[in-house]
Amino acid sequence: MVLLFLLILLGPGSLAIEPYPYVSFNGRYHNPTHTTWGSDGTVFSQPTRPNYTDGTFAAVYPDTVRQSARKISLTMFPDQSTTKFSSKYTALLPFFMQFMDRDLIKMSPACPPKYLNIPIPDGDPMFNDTENEMPMARAQFDYKSGHWPDYPRQQINHVTSWLDASHIYGISKSWSDILRSGVDGKLKTEEDSDDGWPKKNTWGVPLAGNVVPATLEYPKEKDQYLFGDTRSFENPAILSLHWLFFREHNRQAEELKNSNTKKGTPKTDKWLFDKARFMNIAKIQKVYTEAVEEFLDWDLPPYTDQNQLSGYLPAVKPDISILYAGALQFFHLTMVPDQFVEYVIQETDKMCVKLRAERVCNWYWNAQEMLEAESPQAVLTGLLSAPAMEIDDSFVPDVQSYYWGPMKWTRRDAVALAIQRGRDLGVPPLNTVLIYYMQSAMTWADWEGIIGSEKTKDLQEMYGSADDIELLVGGFLLHKQDPGKMPRVFQNILYEQFMSTRHGDRFWYENQVNGMGLSSEEMKEIENTTMKTILQNNGIFLRDVDEPFKYNSTATKCDKPTVNNAVCKGKILLSYNYNRTPYAIPILLPSFLVITVIMVIVMRYQAKLTLNPPVKKSGKYEPFGVVTELQSKDGDRVVDVVMNTDNGSIVLLSRGKKVRTFKPGGITVIKCTDNKKDILIVIPKEYDIYLRFGNKAAAEIFVGRLENFALELDISFPSQSLPTKRILSVAKTEAHRQHLINKFLASAFSEMMKQESGFEDDGESCVRVEERQSGEILECELTRCEFSSALGLNPSSEFVAKVFPLVDRDNNGSVSFKEFLSFMIVYSSRDSEDKLKLIFNMYDVDKNGSLHVDEIRAMLKSMLELVSASVDSSELNSLITSLFVKAGFADKDHKVGFQSKTELSFEEFKILMAGYEKDLENASIAFAGGNATVQPKTKSRKNGNRKNVFTAKSPKVGMFKRYIENHRLEVFYCLIFLLIVAILFMERFVTYSKYRDHTGYPELLGYALPFTRGAAAVMMFTFPCFLLAMCKNCITHLRGTFLKRYIPLDSNRHGHIYLGYVTAIFIIIHCVGHGYNFYMISTLSPDDLSCMMPRTWLSDTGASTITSLLFGTITGITGVLLVVALIAMYVFSTDYARMYLFSWFWKTHHLYPVVMVLTVLHGTARLLQTPTFHLYLIGPAFIFILDKLVSVSRRKREVPLIETNILPSEVTNLVFKRPEDFHYLAGQYVRIALVNSGTGRDEYHPFTLTSAPHEDTLSVHIRTCKGWTRVLRELVIKNEKSPEKNPNLYVDGPFGEAHQDYSNYEVVILVGGGIGVTPFASIMKDLVHRCNTQTSTMSKVKKVYFIWASRTQKQFEWLLDIIGKCEKEDKEGILDTHIFITRFFDKSDLRTTILYICERQFQGVSNRSMFTGLKAVTHFGRPNFDRMFEDIRLTHEDVRKFGVFVCGPPAMSDGVKESCSKITGKQTFVAYAENF
């Protein structure tokens, strides 16, 4: 089945077998037994032991042994003026041999960069103005070699060792595919090119981008013609030969297309290309054989010679030897002429016409420009018509002094470089090689007989011993043994290399059994191929030339060129700074910060629009531009100024809300003389207003309008002008005023405590107060608003209306320090009678010394008003009646009308409150402004025998142990996660800092790269983990398995957040590290950069810039996009954004597929290593996709709304149809979206189900906030009269959470805060139903404590019916409900005490709460979880483990968790929290 699937997937031709052998591009499988022999990336062979000073890799010798290569070049080789032309060879031969060496040899700079620079001798005629060294990078080597003498350094050859035309077709199939046209087996050519030039490099294939020494500019790589060799543009001769054999391929393909072939052989593009390629390779092999024979004194043996190597020999290894690569390949330098002469031979009269002659030194690396100006035919005609230089020991200046180099040394000595390269490769000395080839070693006497005594003396000066003379130097000098010919030692090297290449190659053209299926005609064509036929076939007229490699002036009839005295162009640079981006870090890192700031600004602006939509201003609004109130209690804020002539007031609005109202009477306006934009409004007995306008004109308009407004009211105000510093010193702004009020309250508390401590008697108290407090405090008086704010009340509340006149004894509309202090002393007194007297006087409206029943009713209503609570009139009457009956003021059976007693004197009021003296004694009053509560004076007493476990702090070690016990699974997995993170980070860090020396990373980039790679390894692990944390369906399914005992499934959200924090740390490390890396990379030379990133080409110059790094590579582009996406995700995942900009949070968090794709692409460029992120991603992505498919299949499940209810406290209830296949547990949640409502179909929101599993419908209760929930509520209200218009819902779920596991505990504690009670509504209904139906699964639960803390009574009105129903159905008494109204002041507060007395009285009479109407106990203030859990623990001493499930604000969850940790001992309280 698998095979059939693959066959269908790949197509019918996928298993087809090629009808002929395939000649690989990378050199593999030329030898079927040893498949990698001769392939690219193999090392150079070492026929003799390499000559290193330490026997392993060192190539530096003392001056007594070897002199500088530049000094040897200048000393041992004659002056260039003695250079003469050859009478035997044409100029085509040395360039053809150089061209063929490109097919056999390619050395790249070592990585890390290692230099074997050439010292410049004193008095150097060319480089005498510098003390620098001529740069030469050592060749790249096998990093496993060179560590011990038995395994000396072995350099790597980056092309194949075969004659396979890799410099025409490339060394990889991908490169070849770029060159191919895909039609008729041809290579791509320029459409408008008559000469058949290849297609230009529009793909941006990395060609060798060396600087042009003549112009000091880099060629534009995309304007260059594309060949298979990156070095094809070194000089015009090399480029012309590339063009020649490129064109020969297309000619051969066209010929094959038009030829007759065997029947059944389809002439496909692939067949034509492969056949033409093999034919072209065969012809190159044949022509190369012709060129080699020109240098040998003997004929090459036939391919099948039985006396020597015969035919294809699989045991022959074809590797290029260091003798060839380090010496012989440079032999052609002595034959290179100093000029390119362009000739054209006219076909009519066969006359040779000279077009121009150009110095070789002026056309290094800009050869294309020369050939486009004339033609490659002209250059090739010139090469075969002009003689080469004589084979001797002299060189033209273009080679010896004006050879090309890098930007930091644009002209070099090719001879010195050749000598130094031999030292780098460890080429043995001349005598060692002579002995290897069974020739006699040279002595000084032998040298004197060959080169003369004077030159021998120079040679002795360069080398201390005749055995130390280097192969290349000695080989050049031996030319005098047989002038005009290649020295014998070089002939031996050439012969040996050629024979090993020919007989080790299965695809050599003469091998009849190579399987290529050449016909006899094709073999005959190849055998008859010469350089002449190649040239003629491609349009080059040769006249009477029969052998293009042999010079024949008679045959060409062209003038013999003379020495060219033209000047080599271009300034010689001997130093260069590659740093194009010195400020990469200062530019890069702030850019990320700017992106973050912009996103934060966008987030805040959108939140502002959401929270404060534009308010339509009335006609009374005066536009003054942007006005900022400085130094308010909330800091600087933008305000609108409204002047209202109706009531003569000025109003300040902030975000559409009124923040300040004042009358213009008595104010003073102070203008700023500095910036002209600031206005200070001084208001008597209140804080000042400091306004800053957008410009001077706006400030002047405001003052003018204020003056007109005052005139309309028939008032006036003075104005002043002060400098800014002076204004700031005199201004008493809201911030100053708030600070003064805080000092006011703190001083009052301090004085009250001192007087209660008995330190001072009443006679001296006033005097001492005035002495201790500053004049500022004593002069400060609280307005009614400030007084009410100190009490934490609304200025318009009934309580403030009653108490403020009692405190303001002088009736001046404000409370002084002494008045406020006296008021507090009364409240803090332990005398209950004083407190009752104060309350009595407050509500004795008519001041007749008695409280009427209506006044008592008003008292209770005002206190209920303080906490936003309300009670029906009938219930309030019942309460008052029960109080009167208890006090004996009414008949027990007469509960309505209060005919028995309608007014109470103070003494009777005391009787009414009898029995509550202790509560009143401990009562005090809370002050919000001072963050303190005035407590009554108490006597010192010793603690009882029982230890107070609620206030004593547990030791930190004990709390830590309990925390570990309660969260052992989470801690375990966190430690495992951190261990994995540490291992991944350290493995990459150590690898790139210690074990990647061969890559050059540590040396070039230091420790920044190890940090970035370590951070990248961590992110490759954490990114897929995010997907696992979001697999809600899988997590829900796992909750029903045994794995929930071993995996903290309830912590997936916290784990997601934890992952986010950890990942953010390593994202920052990665980005900051790369900022440094970018800086370092931008300072590297092209060679160093290619060493570090061999698979990347950043620019035409080969160097890098910040632009090319960020926007010139797939890694840079994806990196920038990733940073932007991740910043957006992190910014909009903050609590602020999720609260006010949920849609933005939703959209940005749904960028995770983009992040994953970009991360995969981020590594595809393989800049530093092979990408591995996909290996981390495959497993989690597969699970995540399956999980998403489940959700997607349900998202289309559209269900109708059955019922909608608008409930108090901004709660909306939705009841909708339950799908048939919908199965869930109490406590689970769903994700819903509205259909066609304009809110966005894909905007799903999670809500806990408040329905029970046994019910036929599903329901949710949604608290209205902003955005989606607001739109939903408005939609429901709009369709309240026409419910059929309500949109349907998309329902996704259910999804599990911790609350569904409540049935696993004997005693369950449910703690809800505000709307967080929703999961418990479902649980309570399900619990009661199961208990009443005797469901076996509920047998474990014995008791459930439900604790609900809500700010006001109104916030739980919508749930009263559910709780009431549960109470009625709870026949087993399993449910114990406690409701806390947190809006009430502390229980010790006097106002709360009175309400608490009334609640106890009402509950005792009617067995239900006065506030809720339930049996549930109603408490005032915040729950004391420590005490409650302790009571529960003592009640159930036989229970080992309690399940505590909390859902509410984070502060409540933290408090519950802390209490659980404190009380956990032998009995464990396990807390499960969910925040909203």
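Below or above, wherever it landed, is the structure these notes cover. Keep in mind the model is a prediction, meaning the values are calculated, not measured. (Residues numbered from 1 in each chain as written. Predicted model: local features only at pLDDT ≥ 70, side-chain atom pairs only at ≥ 80, totals over all residues. Heavy atoms only, no water.)

### Digging into the overall build of the protein chain
Now for step 1: Broken down by element type, the protein chain carries 53 helices and 31 strands.
Now for step 2: If you take every contact in the protein chain between residues at least 6 apart in sequence, the share linking residues at least 24 apart comes to 73%.
Now for step 3: Summed over all atoms, the accessible surface of the protein chain reaches about 65800 Å², with 54% contributed by carbon and sulfur. (Helix = DSSP H or I, 4+ residues; strand = E, 2+ residues; numbered from the N terminus. Contact = heavy atoms within 4.5 Å. Areas by Shrake-Rupley, 256 points an atom, 1.4 Å probe, with all protein chains shown as cover.)

### Topic: the sheet that holds strand 24 (residues 1257–1263)
Now for step 1: In spatial order, the strands read 20-21-24; together these three strands make up an open sheet with antiparallel pairing. Strands with a single pairing partner mark the edges of an open sheet, and in this sheet they are strand 20 (1201–1207) and strand 24. Geometrically, the sheet is characterised by an average inter-axis angle of 15 degrees between neighbouring strands, direction not taken into account.
Now for step 2: Note that strand 21 (residues 1211–1217) and strand 24 share seven bridges and pair antiparallel. Across the sheet, the residue bridging to Val 1211 is Arg 1263, located in strand 24. (Pairing = 2+ DSSP bridges. Axes fitted to C-alpha atoms, helices over the stretch in contact; angles between N-to-C directions.)

### Re the sheet that holds strand 23 (residues 1245–1248)
Now for step 1: Strand order across the open sheet formed by four strands is 19-25-22-23, with antiparallel pairing between neighbours. Across the chains shown, the open sheet's two edge strands, defined by having one partner strand only, are strand 19 (1198–1199) and strand 23.
Now for step 2: Strand direction decides the pairing type here: strand 19 and strand 25 (residues 1289–1295), joined by two bridges, are antiparallel. Its bridge partner being in strand 25, Val 1199 is matched across the sheet by Leu 1289.
Now for step 3: Contacting strand 22 (1229–1234) and strand 23, helix 48 (residues 1268–1278) crosses the sheet at an angle of about 65 degrees to strand 22.

### A short note on a nonpolar patch on the surface
Now for step 1: A surface patch of nonpolar side chains, about 580 Å² in accessible area, is lined by Phe 972, Tyr 973, Ile 976, Ile 980, Phe 1042 and Tyr 1046.
Now for step 2: In this fold, Phe 1042 is placed in the loop between helix 39 (1032–1038) and helix 40 (1052–1081). (Patch = residues over 30% accessible without salt bridge, like charges linked within 9 Å, V, L, I, M, F, W, Y side chains within 5 Å. Salt bridge = Lys/Arg side-chain N within 4 Å of Asp/Glu carboxyl O.)

### Quick notes on the packing of aromatic side chains
Now for step 1: Tallying each qualifying case throughout the model produces 41 aromatic pairs.
Now for step 2: A centroid spacing of 5.6 Å and a plane angle of 15 degrees characterise the contact between Phe 99 and Phe 245, whose relative ring orientation is stacked. With a gap of 146 residues between them, Phe 99 in helix 3 (residues 92–104) and Phe 245 in helix 6 (residues 236–258) connect regions that are remote in the sequence.
Now for step 3: Looking at Phe 99, the relative accessible area reads 0%, which means it is buried.
Now for step 4: Ring geometry for Trp 508 versus Tyr 509: centroids 5.6 Å apart, planes at 40 degrees, classification tilted.
Now for step 5: Through pairs of rings, three or more aromatic residues link up here, namely Phe 77, Tyr 89, Phe 295, Phe 331, Phe 395, Phe 476 and Phe 490.
Now for step 6: When the ring centre of Phe 141 is taken as origin, the NZ or CZ atom of Arg 153, which lies over that ring, is 3.7 Å away.
Now for step 7: Its guanidinium or amino end placed over the ring of Tyr 1345, Lys 1343 lies 5.9 Å from that ring's centre, counting from NZ or CZ. (Phe/Tyr/Trp six-rings, centres within 6.5 Å; stacked < 30°, edge-to-face > 60°. Buried < 20%, exposed > 50% of the residue type's maximum accessible area, 1.4 Å probe, protein only. Lys NZ or Arg CZ within 6 Å of the ring centre and 35° of its normal.)

### Let's talk about the pairing of strand 9 (residues 649–654)
Now for step 1: Counting buried residues along strand 9, six of its six residues qualify, which places the element largely inside the surrounding structure.
Now for step 2: Judged by which residues are buried, strand 9 turns out to be covered on both faces: Ser 649, Val 651 and Leu 653 on one side and Ile 650, Leu 652 and Ser 654 on the other are all buried.
Now for step 3: In the sheet, strand 9 pairs with strand 10 (residues 657–662) via five bridges, with the strands oriented antiparallel. Looking at the pairing, Val 651 lines up with Thr 661 of strand 10.

### Structural notes on the pattern of salt bridges
Now for step 1: For the coordinates displayed, the defined rule picks out 29 salt bridges.
Now for step 2: Among the salt bridges present, the one from Asp 319 reaches Lys 317, with a minimum N-O distance of 3.6 Å.
Now for step 3: Residue Asp 319 is classed as buried on the basis of its relative accessible area of 9%.
Now for step 4: Since its relative accessible area comes to 45%, Lys 317 is described here as partly exposed.
Now for step 5: Residue Asp 482 is joined to Lys 485 by a salt bridge in which the shortest nitrogen-to-oxygen separation is 3.7 Å.
Now for step 6: Note on Asp 482: relative accessible area 33%, which makes it partly exposed.
Now for step 7: A network of salt bridges, in which partner residues are shared, links Glu 248, Arg 251, Glu 255, Lys 283 and Glu 525.

### Re the environment of Val 287
Now for step 1: If you trace the backbone, Val 287 turns up in helix 7 (residues 269–295).
Now for step 2: Under the relative-accessibility criterion, Val 287 is labelled buried at 0%.

### Topic: helix 6
Now for step 1: Here helix 6 contains 23 residues, and its C-alpha end-to-end distance of 33 Å stays within 8% of the 33 Å for a straight helix at 1.5 Å per residue.
Now for step 2: Buried residues dominate helix 6, accounting for 17 of its 23 residues.
Now for step 3: Looking at where helix 6 begins, the residue whose side-chain oxygen comes 3.1 Å from the main-chain nitrogen of Ala 237 is Asn 235. (Expected span 1.5 Å × (residues − 1). Polar contact = N/O pair within 3.5 Å; in protein donor to acceptor, adjacent residues only side chain to side chain.)

### Side note on the side chain of Glu 248
Now for step 1: With respect to the helices and strands, Glu 248 occurs in helix 6.
Now for step 2: Given a relative accessible area of 0%, Glu 248 falls into the buried group.
Now for step 3: Looking at Glu 248, its side chain comes within polar contact range of the side chain of Lys 283, at 3.0 Å.
Now for step 4: Non-local contacts of Glu 248, meaning those with residues more than four positions away in its chain, are made with Asn 280, Lys 283, Ile 534, Asn 537 and Asn 538.

### Side note on helix 7
Now for step 1: With 27 residues, helix 7 extends 39 Å from end C-alpha to end C-alpha; this agrees with the ideal 39 Å at 1.5 Å per step.
Now for step 2: Counting buried positions along helix 7 gives 25 out of 27 residues, so the element sits mostly inside the fold.

### Points about the packing of helix 38 (residues 1008–1029) against helix 40
Packed helices, taken two at a time, are described by the angle between their axes plus the distance between the axes.
Now for step 1: With their axes 8 Å apart at the nearest point, helix 38 and helix 40 run at an angle of 155 degrees to one another. Accordingly, the angle class assigned to the pair helix 38 and helix 40 is roughly antiparallel. The chirality of how helix 38 crosses helix 40 is left-handed.
Now for step 2: Across the contact of helix 38 with helix 40, the residue classes tally to 16 nonpolar, 10 polar and one charged. (Parallel < 35°, antiparallel > 145°, perpendicular 65-115°, else oblique. Left-handed = near helix turned anticlockwise from the far one by under 90°. Nonpolar A, V, L, I, M, F, W, Y, C, P; charged D, E, K, R; others polar.)

### With respect to the nonpolar core
Within soluble globular proteins, side chains that are nonpolar tend to cluster in buried spots.
Now for step 1: Counting residues in hydrophobic clusters, the biggest one holds 150 residues, and the most contacted among them are Phe 96, Leu 244, Tyr 288, Leu 471 and Met 531.
Now for step 2: Looking at this core, the element that brings in the most residues is helix 7, giving 11 residues.
Now for step 3: Among residues more than four places away in sequence, those in contact with Met 531 are Leu 92, Phe 96, Leu 241, Leu 244, Phe 245, Val 287, Glu 290, Pro 548 and Phe 549.
Now for step 4: Listed in part, the 40 residues of the second largest apolar core include Val 981, Cys 1071, Ala 1125 and Ala 1137. (Core = buried A, V, L, I, M, F, W, Y, C linked by side-chain atoms within 4.5 Å.)

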